[in-house]
Amino acid sequence: MNSSQINADGPIAVFDSGVGGVSVLRELIKIMPGEDYLYFGDSANAPYGIKNLDVVRELTCAHAAALFERGAKGLVVACNTATSAAVRVLREMYPDVPIVGIEPAVKPAVLSGDHPRVLVMATPMTIREEKFKDLVSRYADKGEIIPLPCPGLMDFIERGDLDGDDLIRYLMELLCDFRDGKVDAAVLGCTHYPFAKTPIQVLLGEGVKIFDGGEGTAREMHRRLSEAGLLRPDSSLNAPKGNVRFENSSDDPGRIATCWRLLAMEP
Ligand code: DGL
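Residues numbered from 1 in each chain as written. Predicted model: local features only at pLDDT ≥ 70, side-chain atom pairs only at ≥ 80, totals over all residues. Heavy atoms only, no water.

Engineer: Teacher, can you tell me more about the side chain of E35 here?
Structural biologist: Structurally, E35 is set in the loop between α1 (22-31) and β2 (37-41). Judged by its relative accessible area of 1%, E35 falls in the buried class. Among the polar contacts listed, one links the side chain of E35 to the side chain of K73, at a separation of 2.6 Å. Here R232 takes part through its backbone nitrogen, which lies 2.9 Å from a polar atom of the side chain of E35. (Helix = DSSP H or I, 4+ residues; strand = E, 2+ residues; numbered from the N terminus. Buried < 20%, exposed > 50% of the residue type's maximum accessible area, 1.4 Å probe, protein only. Polar contact = N/O pair within 3.5 Å; in protein donor to acceptor, adjacent residues only side chain to side chain.)

Below is the structure:
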């Protein structure tokens, strides 16, 4: 697809392994309310974070191709795991299309204090990949960065469980070494985790600053679309609201309902 084939009236595609990318979608809508959005969650193949890299890259590229075929004018890979596996390849395949990925918000977290202890919660794959290692080495002198793989955490959000007993028990065990102010900041490095922010905050301690990459990613997409002349003519904050369409590879209609529920939640 070259730039002359991109239609500024097309929707912005938002892709995640499941429902978590809604935490990025809500930031996109906040700054570009007049755009249309086509959200695709691959819940039938989730979780991505415990798969191997080639599988996630293949799935992400196949879904991206389908979204472009349907007229998407840009793509937000609203999944840290899929970003680390596939965003470089996607940019090579579609050099003229605005494609923005998400990465754990390590930078604002390490800059939020004087050599802070920063816990980075993410999927096993995100933490294992080169992209994350590069990110950590860039900021290693600014704070103590503690990676914490969280296999299984996304499944609670997929099921729509944001504060149930099983989730609390899981988090108590996962975070037992870091509770009650033992870290200064935490990064939610998977787009599902912002929906469990409240119990995470309670367990880590009220003074702990919590960061996620949703807002920065949305700002970057706005910048890229504007640079490419692909923003809708009336993209002001008062523009009439665009359409949001949710689709999912799972045949469980509950996934779409969960997406609408998550979108309606206050960040
Ligand atoms: N939401 C995805 C992320 O940001 C991962 C969830 C999964 O394991 O599929 O990393």
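Further notes follow.
Engineer: Whenever I open this one, the sheet that holds strand β6 (residues 144-149) confuses me. Can you help?
Structural biologist: Neighbouring strands of a sheet are bound in pairs by backbone hydrogen bonds; such pairs are parallel or else antiparallel. Taken together, the 4 strands give an open sheet; going across it, the order is β6-β5-β7-β8, and neighbouring strands pair in parallel fashion. Each edge of the open sheet carries a strand with a single partner, namely β6 and β8 (209-212). Here the strands of the sheet are splayed against their neighbours by 20° on average, with no regard to which way each runs. Taken together, the 4 bridges between strand β7 (residues 185-188) and β8 define a ladder with parallel strand orientation. Bridge pairing in β8 places V187 opposite F211. (Pairing = 2+ DSSP bridges. Axes fitted to C-alpha atoms, helices over the stretch in contact; angles between N-to-C directions.)

Engineer: It is not clear to me how the sheet that holds strand β4 (residues 99-101) should be interpreted in this structure. Could you clarify?
Structural biologist: Ordered in space as β4-β3-β1-β2-β9, the 5 strands form an open sheet in which the pairing is parallel. This sheet does not close on itself; its edge strands, each paired only once, are β4 and β9 (244-248). Across the sheet, the mean angle from the axis of one strand to that of its neighbour is 15°, orientation sign disregarded. Here strand β3 (residues 74-77) runs beside β4; their pairing, made up of 3 bridges, is parallel.

Engineer: I keep staring at the environment of V87 and nothing clicks. Help me out?
Structural biologist: By the secondary structure assignment, V87 is in helix α3 (residues 80-93). Since its relative accessible area comes to 5%, V87 is described here as buried. As for V87 and T258, which are separated by 171 residues in sequence, their C-alpha atoms are 26 Å apart. Apart from the residues within four sequence positions on either side, V87 is in contact with A82, I99, G101 and K131. (Contact = heavy atoms within 4.5 Å.)

Engineer: What is the right way to look at the packing of aromatic side chains in this model?
Structural biologist: Two descriptors summarise a pair of aromatic rings, namely the distance from one centre to the other and the angle between the planes of the rings. Under the criterion given, the structure shown has 6 aromatic pairs. Look at Y39 and F246: their rings are 5.3 Å apart centre to centre, the planes differ by 65°, and that puts the pair in the edge-to-face class. Note that Y39 is positioned in strand β2 and F246 in strand β9, a separation of 207 residues in sequence. Taken individually, Y39 and F246 each receive the classification buried, so the pair is uniform in this respect. (Phe/Tyr/Trp six-rings, centres within 6.5 Å; stacked < 30°, edge-to-face > 60°.)

Engineer: I'm lost on the nonpolar core in this one. Help?
Structural biologist: Here is a general trend for soluble globular proteins: nonpolar side chains tend to be buried in one another's company. In this structure, L75, L119, M121 and L175 are the most contacted members of the largest nonpolar core, which totals 76 residues. In terms of residue count, helix α2 (residues 53-69) provides more of this core than any other element does, 7 residues in total. In contact with M121, not counting residues within four places along its chain, are L148, C150, L153, L174, L175, V187, L188, G189, C190, Y193 and I200. Counting 16 residues, the second largest nonpolar core, distinct from the first, contains A109, V110, I127 and V136. (Core = buried A, V, L, I, M, F, W, Y, C linked by side-chain atoms within 4.5 Å.)

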